[in-house]
Amino acid sequence: MGKMHWGATVTASLSLAVTAAFIPTAAGADTTTAQLTKAGSAASVESHHISASEAKAASSYWTADRMESAIPGDVLTLKAGSTAVQRSLNDVAQMLQKGAIDKFNASGTPTKFASTDRKASTSSSAVSENPVSHIGKVFFTLGGANYVCSGNSVTSSNGSTVSTAGHCINEGPGAFATNFVFVPAYKNGAAPYGKWTARTLVAPTQWSSQGDMQYDTGFAVVNPLSGKTLSQAVGASGVQFNASRGQTYKSFGYPAARPFNGETLYSCTGKASNDPYNPAFNSQGIPCNMTGGSSGGPWFLGTSSSGYQNSVNSYGYGSKSTVMYGPYWGSVIQSAYQDAAVR
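Reference entry: report on the structure contained in this document. (Residues numbered from 1 in each chain as written. Predicted model: local features only at pLDDT ≥ 70, side-chain atom pairs only at ≥ 80, totals over all residues. Heavy atoms only, no water.)

**Observations regarding the state of the cysteines**
Moving on, step 1. As enumerated under the stated definition, the model contains two disulfides in all.
Moving on, step 2. The disulfide partner of Cys-149 is Cys-168, and the gap between their sulfur atoms is 2.1 Å. The sign of the S-S torsion, about -75°, decides the handedness of the disulfide formed by Cys-149 and Cys-168: left-handed. Note that Cys-149 is positioned in strand β10 (residues 145-154) and Cys-168 in the loop between β11 (161-164) and β12 (178-184), a separation of 19 residues in sequence. (Disulfide = S-S within 2.5 Å. Helix = DSSP H or I, 4+ residues; strand = E, 2+ residues; numbered from the N terminus.)

The following block contains the structure:
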């Protein structure tokens, strides 16, 4: 969902994170656009407020039957962005399906892909995991349909911030999700920590207004539950931005499309490499065969769920692709995080 490398920014607590001034540029009852300025550069963030009555309705809305029948959110990536983005995602997937070539040169012409790419893309299998308290499933409604993604509790001053994919927050471009809930440590229909309803959804405007795959990340600020904030109940991951590329990651998610059923947590571990098919996305991929429903699941630096989060599951190229791609978390996504973290 530029290629310049910056020095890494690590956020273990909000005191290290919020270096941006918050300057409202538009306001409304439901949706606002804010301008955040950091280190002389600007990034726009769009947020959507959810009323207390809407949040209460969302909690009741997600019955066990609705959660079980929710559509894996990966299909939303094919609805997001420009026609060119949609065509590119589809074309690459079709070429992979046929066993054809699947790399684009600078002019956009398909070329034979390198044997090293093929070896990397066929060497992975997702591993079943026990539930992790701060990782869970995200349920929401877009365009009248019910969807499921994955998400993670991240450190913030409000103690209530969830990271996920942009396409699990907003149509990109288009409307924000409704009926949004986060269910940490979900397993086989059980919600041991409850259903956490959103009060605010936040995305970079590059996603919410353009569907730019470089910025396929969103954040939800959730309401307290049983007198506790989310981080008090389940913990929270530190986050890192502007890190060096090509590092080793462990990603987590709840894949729901075949051969998975979305009922349990899975992970993949591997070294990241750039997307060879769509370099303009600026994303990185790791060997991973998780399917739809894993969208929005966290990528941790290193080989465990205790590392800093540095991306999310964003997209793959169809059933023949065993590489999961995630957006590069640079200054734009950092600004969206900073906005959400103080709400």
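Read on, since the account is not over.
**Description of empty space enclosed by the protein**
Moving on, step 1. Its boundaries defined by the atoms lining it, the largest cavity holds a volume of some 30 Å³.
Moving on, step 2. Lining the largest cavity are Tyr-249, Gln-284, Trp-299, Asn-310, Ser-311, Gly-326, Pro-327, Tyr-328 and Trp-329.
Moving on, step 3. Within the lining of the largest cavity, the residues separate by chemical class into five nonpolar, four polar and no charged. (1 Å grid on protein atoms, 1.4 Å probe; cavity = no way out; pocket = protein on both sides within 12 Å on 5 of 7 lines; lining within 4 Å. Points joined across faces, edges and corners; volume = space filled by probe spheres on them. Nonpolar A, V, L, I, M, F, W, Y, C, P; charged D, E, K, R; others polar.)

**A few points about the pairing of strand β19 (residues 284-287)**
Moving on, step 1. Going residue by residue along β19, you find Gln-284 and Ile-286 tucked away on one face and Gly-285 and Pro-287 tucked away on the opposite face as well.
Moving on, step 2. Of the strand pairs in this sheet, strand β18 (residues 273-274) and β19 are connected by two bridges, and their pairing is antiparallel. Looking across to β19, one finds that Asn-274 is bridged to Gln-284.
Moving on, step 3. Where β19 and strand β22 (residues 323-326) come together, four bridges link them in antiparallel fashion. If you follow Pro-287 over to β22, its bridge partner there is Val-323. (Buried < 20%, exposed > 50% of the residue type's maximum accessible area, 1.4 Å probe, protein only. Pairing = 2+ DSSP bridges.)

**Focus on helix α4 (residues 83-97)**
Moving on, step 1. Between its terminal C-alpha atoms α4 stretches 21 Å, which fits the 21 Å expected from 15 residues at 1.5 Å a residue.
Moving on, step 2. All of the buried residues in α4 are Val-85, Ser-88, Leu-89, Val-92, Ala-93, Met-95 and Leu-96. One side of α4 holds all its buried residues, which, seen down the axis, span an arc of 165°. (Expected span 1.5 Å × (residues − 1). Arc of directions from axis to C-beta.)

**Considerations on the environment of Lys-228**
Moving on, step 1. Topologically, Lys-228 is positioned in the loop between β14 (218-222) and α7 (230-234).
Moving on, step 2. Measuring from C-alpha to C-alpha, the distance between Lys-228 and Ser-160 comes to 9.5 Å, with 68 residues separating the pair along the chain.

**Some details on the packing of aromatic side chains**
Moving on, step 1. Scanning the model with the defined rule gives 19 aromatic pairs in all.
Moving on, step 2. Centroid distance Phe-281 to Tyr-315: 5.6 Å. Interplanar angle 85°. Geometry classified as edge-to-face. In this pair, Phe-281 is assigned in the loop between β18 and β19 and Tyr-315 in the loop between β21 (309-312) and β22, connecting sequence segments 34 residues apart.
Moving on, step 3. Under the relative-accessibility criterion, Tyr-315 is labelled buried at 3%.
Moving on, step 4. Arranged with centres 5.5 Å apart and planes meeting at 75°, the rings of Tyr-315 and Tyr-317 form a pair that is edge-to-face. (Phe/Tyr/Trp six-rings, centres within 6.5 Å; stacked < 30°, edge-to-face > 60°.)

**Some words on unusual backbone geometry**
Moving on, step 1. Of note, the bond from Gly-172 into Pro-173 is cis; its omega dihedral lies within 30 degrees of zero at -5°.
Moving on, step 2. Along the chain, Pro-173 falls in the loop between β11 and β12.
Moving on, step 3. With an omega of 10°, the peptide bond running from Arg-258 to Pro-259 counts as cis.
Moving on, step 4. Looking at the secondary structure, you find Pro-259 in the loop between β16 (248-253) and β17 (265-271).
Moving on, step 5. Located in the positive-phi region is Asn-188, a residue other than glycine, with phi close to 50°.
Moving on, step 6. Following the sequence through the fold, Asn-188 ends up in the loop between β12 and β13 (196-204).
Moving on, step 7. Non-glycine residue Asn-282 carries a positive phi angle of around 60°.
Moving on, step 8. With respect to the helices and strands, the residue Asn-282 is situated in the loop between β18 and β19.
Moving on, step 9. Here Asn-282 falls in the buried class, since its relative accessible area comes to 7%.

**Notes on the sheet that holds β18**
The strands that make up a sheet are held in pairs by hydrogen bonds between backbone atoms, and each pair lies either parallel or antiparallel.
Moving on, step 1. As summarised here, the arrangement of the three strands in space is β18-β19-β22, forming an open sheet in which the pairing is antiparallel. Only two strands of the sheet have a single partner each, and these edge strands are β18 and β22.

**Notes on the nonpolar core**
Moving on, step 1. Ranked by internal contacts, the top residues of the largest apolar core, which has 25 residues, are Phe-140, Ile-169, Phe-180, Leu-201, Ala-220 and Leu-230.
Moving on, step 2. Sort the elements by how many residues they give to this core and β13 lands first, with four residues.
Moving on, step 3. With near-sequence residues (within four places) excluded, Ile-169 lies in contact with Thr-164, Ala-175, Phe-176, Ala-177, Phe-180, Leu-201, Val-202, Ala-203, Gly-218, Phe-219 and Ala-220.
Moving on, step 4. Membership of the second largest hydrophobic core comes to 16 residues, among which are Val-45, Phe-241, Trp-329 and Ala-340. (Core = buried A, V, L, I, M, F, W, Y, C linked by side-chain atoms within 4.5 Å. Contact = heavy atoms within 4.5 Å.)

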